[in-house]
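Reading the structure
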Amino acid sequence: MRQIKINNKALNKFNQKYPLIHQEDLFLENKSIENESEWVKFVSQSNYFVGYGYLGQQNKGLGWIISFDETKEINKELIKDIMSKAFDKRKHFFKQTETTAFRLFNGEGDGFGGFTIDWYDGYLVISWYNESIYGFKPLLLEAVEETLPNIKGIYEKIRYKTDELPESQFVSGEEASEPLLVKENNVTYATYMNEGLMTGIFLDQKEVRGMLSEGLAKNKTVLNMFSYTGAFSVAAVAGGASETTSVDLAKRSLEKTQEQFSVNQMDLDKQRIIVMDVF
């Protein structure tokens, strides 16, 4: 396994299991790193073990440490263990009828930086954030499919710069209907698995929409800026908001927001949808 040295100045944060690696953390003679899909053993300048991980340029940094235990090298079994723990945290969502879409694996937050997995009523959307992690795709997909049963289909989003791959594509299984109607806190959302990088809803904003649908804006008017498909506005109306105004620069936001209200049988007459530059 290739060894990469960590600067002594950076050791303290990694000893505290901080996973993100930056360029300045590395002790390199030529200071050049290539994106390669290979596992790396990170060591101190004195060759003491720091962690196992990989190097992959993305907007957050230059790489990730996955294992801080020298006895646990990165392999499919370790990956499955990491995924199982993350999936287990969200197992209660699978039993709910009021929520059928949620973030299932949250990258570094669940112990493996570089990709996320979202669940849309049986369909997975995997987002890859650097070229190196995409090179591990066969291994990671195998680990996902062995760990998570009853997957209907898999889609992927390429969230790093490349001219070689489409930003969104169907990967395996059966293709989802368009739109695919999912629920979150008993509110319905129209989603599209293979329509660019976005699906129609940002699942990591679940708690915010939850507060709105539970009455945060009851009997109030709501201004939703950079509204995208109007999901916050729909959640606000579900929670008793008297009126919403949704503003977004994209022309398609008008049709998309109307669709979100329509699939919830909500009165569009009390909702303003404006296409303009918020600034």
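Placed above this text is the structure.
Attention in this report is confined to the structure presented alongside it. (Residues numbered from 1 in each chain as written. Predicted model: local features only at pLDDT ≥ 70, side-chain atom pairs only at ≥ 80, totals over all residues. Heavy atoms only, no water.)

Counting its regular elements, the protein contains 8 helices and 15 strands. When the backbone C-alpha atoms are referred to their principal axes, the protein occupies close to 70 × 45 × 35 Å. Sorting the 279 residues of the protein into buried and exposed places 50% on the buried side. For the protein, the proportion of contacts with a sequence separation of at least 24, taken over those separated by at least 6, is 54%. For the protein, the exposed area adds up to about 14,200 Å²; of that, 47% sits on carbon and sulfur atoms. Each charge class in the protein was averaged separately, 32 positive and 40 negative side chains, and the resulting centres sit 5 Å apart. (Helix = DSSP H or I, 4+ residues; strand = E, 2+ residues; numbered from the N terminus. Buried < 20%, exposed > 50% of the residue type's maximum accessible area, 1.4 Å probe, protein only. Contact = heavy atoms within 4.5 Å. Areas by Shrake-Rupley, 256 points an atom, 1.4 Å probe, with all protein chains shown as cover. Lys, Arg positive; Asp, Glu negative; His and termini not counted. Charge placed at Lys NZ, Arg CZ, Asp CG, Glu CD.)

Turning next to the packing of aromatic side chains. This structure, assessed with the given rule, holds 18 aromatic pairs. An angle of 80° between the planes, with centres 5.9 Å apart, marks the rings of tyrosine 54 and phenylalanine 136 as edge-to-face. Placement of the pair is tyrosine 54 in strand E4 (residues 49-58) and phenylalanine 136 in the loop between helix H4 (131-135) and helix H5 (137-147), with a sequence separation of 82 residues. Given a relative accessible area of 0%, tyrosine 54 falls into the buried group. Through a chain of ring-to-ring contacts, three or more aromatic side chains come together here, namely Trp39, Tyr54, Phe105, Phe112, Phe115, Trp128, Tyr134 and Phe136. The ring of tyrosine 189 has arginine 209 lying over it, and the distance from NZ or CZ to the ring centre is 5.9 Å. In this structure, lysine 256 is placed above the aromatic ring of tyrosine 192, and the distance from its NZ or CZ to the ring centre is 3.8 Å. (Phe/Tyr/Trp six-rings, centres within 6.5 Å; stacked < 30°, edge-to-face > 60°. Lys NZ or Arg CZ within 6 Å of the ring centre and 35° of its normal.)

The next thing to look at is the packing of helix H6 (residues 206-216) against helix H7 (residues 231-238). Axis separation between H6 and H7 bottoms out at 6 Å; the angle between their running directions is 30°. With respect to H7, the element H6 is oriented roughly parallel. Relative to H7, the crossing made by H6 is right-handed. Where H6 abuts H7, its residues Val208, Arg209, Leu212 and Ser213 lie against Ala231, Phe232, Ala235, Ala236 and Ala238. (Axes fitted to C-alpha atoms, helices over the stretch in contact; angles between N-to-C directions. Parallel < 35°, antiparallel > 145°, perpendicular 65-115°, else oblique. Left-handed = near helix turned anticlockwise from the far one by under 90°.)

This part takes up H7. Here H7 lies mainly inside the structure; 6 of its 8 residues are buried. Listed as buried for H7 are Ala231, Ser233, Val234, Ala235, Ala236 and Val237. Next to the buried residues of H7 lie strand E12 (187-191), H6, strand E13 (221-225), strand E14 (243-248), helix H8 (252-262) and strand E15 (271-275). Backbone geometry just after H7 places glycine 240 at a positive phi near 100°.

A word on the sheet that holds strand E8 (residues 123-128). Reading across the sheet, the 5 strands line up as E6-E7-E8-E9-E10 and stay open at both edges, with mixed pairing between neighbours. Unpaired on one side and paired on the other, strand E6 (101-106) and strand E10 (168-173) mark the two borders of the sheet. Pairs of neighbouring strands in the sheet enclose a mean axial angle of 20°, with direction left out of account. In this structure, strand E7 (residues 115-120) lies alongside E8, joined through 6 bridges in antiparallel fashion. (Pairing = 2+ DSSP bridges.)

With that settled, the discussion passes to a nonpolar patch on the surface. A surface patch of nonpolar side chains, amounting to about 530 Å² of accessible area, comprises Leu223, Met225, Phe226 and Phe279. Looking at where methionine 225 falls in the secondary structure, it is placed in strand E13. (Patch = residues over 30% accessible without salt bridge, like charges linked within 9 Å, V, L, I, M, F, W, Y side chains within 5 Å. Salt bridge = Lys/Arg side-chain N within 4 Å of Asp/Glu carboxyl O.)

Another point: the side chain of serine 227. Mapped onto the fold, serine 227 is located in the loop between E13 and H7. Note on serine 227: relative accessible area 7%, which makes it buried. Non-local contacts of serine 227, meaning those with residues more than four positions away in its chain, are made with Ser246, Val247 and Asp248.

All right, on to the sheet that holds strand E2 (residues 20-21) then. Here we have 5 strands laid out as an open sheet, ordered E1-E3-E4-E5-E2, and mixed in their pairing. Edge positions in the open sheet fall to strand E1 (2-6) and E2, since each of these has one partner strand only.

Among the 6 residues in strand E9 (residues 153-158), 6 count as buried, and that is most of the element. Pairing analysis gives 6 bridges linking E8 to E9, with the strands arranged parallel. Of the residues in E9, the one forming a bridge with valine 125 is tyrosine 155. Relative to E10, E9 runs antiparallel, the two being bridged by 5 bridges. Counted as the bridge partner of glycine 153 is glycine 173 from E10.

Here we come to the environment of lysine 220. By the secondary structure assignment, lysine 220 is in the loop between H6 and E13. For the pair lysine 220 and valine 237, spaced 17 residues apart in sequence, the C-alpha separation works out to 9.5 Å.

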